[in-house]
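Chain and residue survey
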Amino acid sequence: MNNITLLGMPGAGKSTIGVLLAKAINYDFLDTDLSIQRQEGMLLREIIAKKGLEEFKKIENQVNRDVCVERTVIAPGGSVIYGEEAMEHLASISKVIYLKLSYEEIRKRLGNLKKRGVVFAEGQTLEDLYKERAPLYEKYSEVIIDADGLDIGEVLEEVLQNL
């Protein structure tokens, strides 16, 4: 097992920390949301709008389940935890680290959720989504980094200490 997967809510810093971590340990970096967009030929929000939430989750599960890399920091979308096959696969090929932030911090960091391609059901609030996902991130993670109040450098340092 020589990969690292970063889990967390949108805005938790998975891509930002992932790129910095990959540079620090001389690994490649993979943002699986970009893999989904490449496979489907459209942006995440377009996939959700055209194909619906459930179909998007199936695509996301398939793309993450099929990841085949070595010496790579993997940053999947925040909704990857809905795909059991994807999570079992990522756990089998990588150390899974949850970048945990409080709901208040996530709310501050996020702008327009629809434009970001955030996966949530009609009528669901960001708080509902946070409460639904947080236990799943914890369930699937080997390491939990409490990133509240830390800057990017401090989060990176915490991750490096837990490899």
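Now for a quick tour of the structure. (Residues numbered from 1 in each chain as written. Predicted model: local features only at pLDDT ≥ 70, side-chain atom pairs only at ≥ 80, totals over all residues. Heavy atoms only, no water.)

1. Quick word on the packing of aromatic side chains
With the rule as written, the count across this model stands at two aromatic pairs. A ring pair is formed by Tyr98 and Tyr137, whose centres lie 5.1 Å apart and whose planes are at 35°; its orientation type is tilted. Of the two residues, Tyr98 sits in strand 4 (residues 94-100) while Tyr137 sits in helix 8 (residues 126-140), which places them 39 residues apart along the sequence. Residue classification places Tyr98 among the buried residues on the basis of a relative accessible area of 1%. (Phe/Tyr/Trp six-rings, centres within 6.5 Å; stacked < 30°, edge-to-face > 60°. Helix = DSSP H or I, 4+ residues; strand = E, 2+ residues; numbered from the N terminus. Buried < 20%, exposed > 50% of the residue type's maximum accessible area, 1.4 Å probe, protein only.)

2. Examining the sheet that holds strand 2 (residues 28-31)
Strands sit in the order 2-3-1-4-5 across an open sheet of five strands; the sheet is parallel. Because the sheet does not close on itself, it has two edges, and the strands there are strand 2 and strand 5 (143-146). For this sheet, the mean angle separating the axes of adjacent strands, direction not counted, is 20°. Bridge analysis of strand 4 against strand 5 gives four bridges, and the strand direction is parallel. Across the sheet, residue Tyr98 finds its bridge partner in strand 5, namely Ile144. Sheet contacts for helix 1 (residues 14-25): strand 1 (3-7), strand 2, strand 3 (72-75) and strand 4; angle to strand 2, the most-contacted strand, approximately 165°. (Pairing = 2+ DSSP bridges. Axes fitted to C-alpha atoms, helices over the stretch in contact; angles between N-to-C directions. Contact = heavy atoms within 4.5 Å.)

3. Remarks on the packing of helix 2 (residues 32-40) against helix 3 (residues 44-51)
One can describe the packing of helix 2 onto helix 3 by two numbers: an axis separation of 9 Å at closest approach and a directional angle of 55°. It follows that helix 2 is oblique to helix 3 by the angle criterion. Read as a crossing pair, helix 2 and helix 3 show a hand that is left-handed. Residues Asp33, Ile36, Gln37 and Glu40 of helix 2 form the contact with helix 3, whose participating residues are Leu44, Ile47 and Lys51. Residues that form the contact of helix 2 with helix 3 fall into these classes: three nonpolar, one polar and three charged. (Parallel < 35°, antiparallel > 145°, perpendicular 65-115°, else oblique. Left-handed = near helix turned anticlockwise from the far one by under 90°. Nonpolar A, V, L, I, M, F, W, Y, C, P; charged D, E, K, R; others polar.)

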